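Spelled out, the chains give:
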Amino acid sequence: MRLSQFVDLFVAALYNETQRTGQSDFRVGEIVAKYGLELNPGWGERLFNDDTFASHVEASRTIGPPLQQNVSLSSRGFRWVEDELGENVAAFLERNGATYTQPVPENALTTEDGDPIVTEDGDYILMEDTAEAELVPRIISSEEWTGIANRIGRDAAVASRINKQIIQLDKEVDRLGLSNHERAKVKAITESLTKLVASPEPEWKAIVELLRSPTLAAIVGLVGIAQLALKIIFGIG
């Protein structure tokens, strides 16, 4: 990639991130990582001395490599993106291989290969920042999932206890006085959980993903029950 191409993509990505987050200051490395850009180490100071970059991006220079420098979009940069790209910023980025990628949170639940587990909505399954949540493994191997399924399959009492917790989750939803939208979102999760647990061979991995849903975690009163069900699944409750 030529320096001129990188500058155009970087300015467009910086504009997109500014609009997406409502923030104005970013690190060069943050934009590069989120949009999969390639910063050639050989460019060095040439990047900041480039006329287009210097006029479109305001940089707060400090001691350190280019990736650590703080930048924001200048007024001229805003005008260039809006005049040249208009509403096609995302299309321009994607067409040039610069697609936004949501950073994986450090407390995301992952597979044995390090791939994050996500819900059907694409949300990461996050570990809660509590001592209780530390009991639940963050990385689960395929062998462990098989062992979990076999253990629960041999013990009907365990499956029954989990089912009771799911039913309790559903009852709590009705007592919380949620808005219709919030209630519908949570009910969809609890109904899915009920069907999964009642199936002949429950998919425990999918059940854990739903129990770790940020939607449940965000609602007071449901987290403790979800955590208990998780501990039962992993044999530590």
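Note that the coordinates shown come from a computational prediction; the quantities given were computed from them, not determined experimentally. (Residues numbered from 1 in each chain as written. Predicted model: local features only at pLDDT ≥ 70, side-chain atom pairs only at ≥ 80, totals over all residues. Heavy atoms only, no water.)

Q: Sorry, what's going on with the overall build of the protein here?
A: Each helix and strand counted, the protein has 12 helices and five strands in total. At a minimum sequence separation of 6, the contacts of the protein that also span at least 24 residues come to 62%. A total accessible area of about 13,200 Å² is found for the protein, and carbon and sulfur atoms account for 47% of it. (Helix = DSSP H or I, 4+ residues; strand = E, 2+ residues; numbered from the N terminus. Contact = heavy atoms within 4.5 Å. Areas by Shrake-Rupley, 256 points an atom, 1.4 Å probe, with all protein chains shown as cover.)

Q: Sorry if this is basic, but what is going on with the pairing of strand S3 (residues 70–73) here?
A: For a regular strand, side-chain orientation follows a simple rule: the groups alternate between the two sheet faces. Sheet topology note: the strand S1 (residues 26–27)/S3 ladder contains two bridges and is antiparallel. Following the sheet pairing, Phe-26 is matched in S3 by Val-71. Note: strand S2 (residues 57–60) against S3, four bridges, orientation antiparallel. Along S3, the bridge assignment pairs Glu-58 with Ser-72. (Pairing = 2+ DSSP bridges.)

Q: Just checking my understanding: could you explain helix H1 (residues 3–21) for this structure?
A: Side chains that are three or four residues apart share a direction in an α-helix, a result of its 3.6 residues per turn. Taking 1.5 Å per residue as the helical rise, H1 with its 19 residues ought to reach 27 Å, and the 26 Å between its terminal C-alpha atoms agrees with that figure. All of the buried residues along H1 are Leu-3, Phe-6, Val-7, Leu-9, Phe-10, Val-11, Ala-12, Ala-13, Leu-14, Tyr-15, Glu-17 and Thr-18. Directly beyond the C-terminal end of H1, a positive phi value near 80 degrees is found at Gly-22. (Expected span 1.5 Å × (residues − 1). Buried < 20%, exposed > 50% of the residue type's maximum accessible area, 1.4 Å probe, protein only.)

Q: Looking at this structure, I do not really get the sheet that holds S1. What am I missing?
A: Within a sheet, each strand pairs with its neighbour through backbone hydrogen bonds, oriented either parallel or antiparallel. Pairing is antiparallel in the open sheet, where three strands are placed in the order S1-S3-S2. The strands lining the two open edges of the sheet, one partner per strand, are S1 and S2. Lying on the sheet, H1 is in contact with S1, S2 and S3; it crosses S3 at an angle near 80 degrees. (Axes fitted to C-alpha atoms, helices over the stretch in contact; angles between N-to-C directions.)

Q: So what exactly am I meant to see when it comes to the side chain of Gln-69 here?
A: Locating Gln-69 in the fold gives a position in the loop between S2 and S3. In this structure the side chain of Gln-69 is engaged in a polar contact, spanning 3.1 Å, whose partner is the backbone oxygen of Pro-65. The contact partners of Gln-69, leaving out residues within four places of it in the chain, are Phe-26, Arg-27, Val-28, Phe-48, Ser-60, Arg-61, Thr-62, Ile-63 and Gly-64. (Polar contact = N/O pair within 3.5 Å; in protein donor to acceptor, adjacent residues only side chain to side chain.)

Q: Quick question: what am I supposed to make of the nonpolar core here?
A: A general tendency of soluble globular proteins is for nonpolar side chains to be buried together. In terms of nonpolar packing, the biggest core is built from 31 residues, with Phe-6, Phe-10, Leu-14, Leu-37, Leu-47 and Leu-93 touching the most fellow members. Sorting the residues of this core by element identifies H1, helix H2 (28–34), helix H3 (46–49), S3, helix H5 (75–84) and helix H6 (89–95) as the ones contributing at least two each. Examining the composition of this core, we find that 10 residues originate from one element, H1, more than from any other. When sequence neighbours within four positions are dropped, the list of residues in contact with Leu-93 reads Leu-9, Ala-12, Ala-13, Asn-16, Tyr-35, Ala-98 and Thr-99. (Core = buried A, V, L, I, M, F, W, Y, C linked by side-chain atoms within 4.5 Å.)

Q: What is the right way to read the environment of Thr-190 from this model?
A: By the element assignment, Thr-190 lies in helix H9 (residues 180–198). Expressed as a C-alpha distance, the spacing of Thr-190 and Val-173, which sit 17 residues apart in the sequence, is 9.0 Å. Thr-190 has contacts with Ile-166, Leu-169, Asp-170 and Val-173, leaving out every residue within four places of it along the chain.

Q: Help me out: how do you make sense of the packing of H9 against helix H10 (residues 204–211) in this one?
A: For any two helices packed against each other, one specifies the inter-axial angle together with the distance between the axes. Across the interface, H9 lies against H10 with an axial gap of 10 Å and an inter-helix angle of 160 degrees. With respect to their mutual orientation, H9 and H10 come out roughly antiparallel. Handedness of the crossing formed by H9 with H10: left-handed. Contacts between H9 and H10 involve Ile-189, Ser-192, Leu-193, Leu-196 and Val-197 on the former and, on the latter, Ala-206, Ile-207, Leu-210 and Leu-211. Considering only residue class, the contact of H9 with H10 consists of eight nonpolar, one polar and no charged. (Parallel < 35°, antiparallel > 145°, perpendicular 65-115°, else oblique. Left-handed = near helix turned anticlockwise from the far one by under 90°. Nonpolar A, V, L, I, M, F, W, Y, C, P; charged D, E, K, R; others polar.)

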